[in-house]
Amino acid sequence: MKLTVAGYWGGYPEKGSATSCYVVESGSETFLLDCGSGALAALPYITELTNINSMVISHRHHDHVADIGSFVYSRLVALALKKTSSQLQLYAPAEEEEFFRSFEKKQTCNIYTYEQPDTVQIGDTEITFLPTGHPVPCYAMRLIENNTKIVYTADAVFDEGLIPFCKDADLLIAECSFYGDQDAKEYGHMNSREAAEIAERAGVKELWLTHLPHFGEHTDLLKEAAEIFSGTIQLAHRELSWENY
Ligand SMILES: [Zn+2]
Ligand SMILES: [Zn+2]
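Everything numeric in this text was worked out from a predicted model, so none of it was measured. (Residues numbered from 1 in each chain as written. Chains lettered and ligands numbered in written order. Predicted model: local features only at pLDDT ≥ 70, side-chain atom pairs only at ≥ 80, totals over all residues. Heavy atoms only, no water.)

Next up on the list: the coordination of the zinc ion (ligand 1). Here the zinc ion (ligand 1) is held by the protein donor atoms Asp63 (OD), His64 (NE2), Asp155 (OD) and His211 (NE2), which lie 2.1 to 2.3 Å from it. Seen from the zinc ion (ligand 1), its four donor atoms lie at angles of 87 to 163°, and the figure they make is irregular. Site description for the zinc ion (ligand 1): donor spacing in sequence, D-H-x90-D-x55-H. Separating the zinc ion (ligand 1) from the zinc ion (ligand 2) is a distance of 3.5 Å, and Asp155 supplies a donor atom to each of them. Taken as a pair, Asp155 in the loop between β10 (148-152) and α5 (162-166) and His211 in the loop between β12 (206-210) and α7 (218-226) lie far apart in primary sequence, 56 residues in all. According to the relative accessible area criterion, Asp155 is buried, its value standing at 1%. Overall, His211 belongs to the buried group, its relative accessible area being 5%. (Donors = N, O, S within 2.8 Å, 3.2 Å for Na, K, Ca; no water. Tetrahedral: all angles 85-135°; square planar, octahedral: opposite > 155°, others 65-115°. Helix = DSSP H or I, 4+ residues; strand = E, 2+ residues; numbered from the N terminus. Buried < 20%, exposed > 50% of the residue type's maximum accessible area, 1.4 Å probe, protein only.)

As structure tokens, this is what we get:
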């Protein structure tokens, strides 16, 4: 399994970048976790759009879904030009079925819904879900392939329930929308210390801070997290990559 960051901003993208979007390569499949604003411009740095045949969406906030519609158009064109014969398979929270049905397009994009305790299998990866505390239905995702485990918190307030879900993960991709002295919970998010506390208490090997804020110095997020989590910590950036082979 290989995971690469395409977009990592919270809310909206800065110049030449994107909000939440991660590329996973597993077996013969390539798929996305979220497809935020700017994703389609960032993805070609990592892979051809025609290599991506599935996406798993955490929730319907714009910084996680903004480029889905454009992706569907790209697939429509690619199918017409016979650059691929694969339709897009989109997995989304069951509570938001009506919203995600708007992306359905005959012979181009198929919608599937998930909820806890469903399992979605893509390539060699099995994905399970945990509802997070957020203003709309939102799910953290745990990806398991053989003995490898990656957890993506999506958008979440700090919650003790995340700790067993993240237990012993090889990589934790945690949202970090605020600095350590700021109250993130009020906005449905986590700060650097909360992300690090989950990493430390779950005993994960490596922590990536993502869904980054548009203020302050991001290196301070690293410093604050390092006071709590003793493992490897990285700030998400485009093309930051993790792989187990
Ligand atoms: Zn978000
Ligand atoms: Zn959100």
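Once that is clear, we can look at α7. Within α7, burial applies to His218, Leu221, Glu224 and Ala225. Along the axis of α7, the buried residues cluster in a sector spanning 105°; they form a single face. In this fold, the buried residues of α7 make contact with α6 (192-202), β12 and β13 (232-235). (Arc of directions from axis to C-beta. Contact = heavy atoms within 4.5 Å.)

The next thing to look at is the state of the cysteines. Two cysteines joined by a covalent bond between their sulfur atoms form a disulfide. Scanning all chains against the criterion turns up zero disulfides. Cys21 takes part in no disulfide bond, and the closest cysteine sulfur to it belongs to Cys35, at a distance of 5.2 Å. Residue class for Cys21 comes out buried when judged on its relative accessible area of 0%. Cys166 takes part in no disulfide bond, and the closest cysteine sulfur, belonging to Cys138, lies 13 Å away. (Disulfide = S-S within 2.5 Å.)

In terms of residue burial, strand β2 (residues 21-26) counts as a mostly covered element, since five of its six residues are buried. The pairing of strand β1 (residues 2-7) with β2 spans five bridges and is classified as antiparallel. Opposite Val5, over in β2, you have Tyr22 as the bridge partner. The hairpin formed by β2 and strand β3 (residues 29-33) contains two residues between the paired strands, and Gly27 there has a positive phi angle of roughly 60°. (Pairing = 2+ DSSP bridges.)

Here we have seven strands laid out as an open sheet, ordered β7-β8-β9-β10-β11-β12-β13, and mixed in their pairing. Of all strands in the sheet, those with a lone pairing partner are β7 (119-122) and β13, marking the two edges. Averaged over all pairs of adjacent strands, the angle between their axes in this sheet comes to 20°, without regard to strand direction. Inspection of the sheet shows β12 paired to β13 by four bridges, in the parallel sense. By the bridge assignment, Leu209 is partnered in β13 with Leu235. Seen against the sheet, α6 touches β11 (171-175) and β12 and runs at an angle of roughly 155° to β11. Across the face of the sheet, α7 comes into contact with β12 and β13 while running at roughly 160° to β13. (Axes fitted to C-alpha atoms, helices over the stretch in contact; angles between N-to-C directions.)

Those residues of α6 not exposed but buried are Ser192, Glu194, Ala195, Ala196, Ile198, Ala199 and Ala202. Against α5, β11, β12 and α7 lie the buried residues of α6. Between the side-chain oxygen at the start of α6 and the backbone nitrogen of Arg193 there is a gap of 3.0 Å, and the oxygen is on Asn191. (Polar contact = N/O pair within 3.5 Å; in protein donor to acceptor, adjacent residues only side chain to side chain.)

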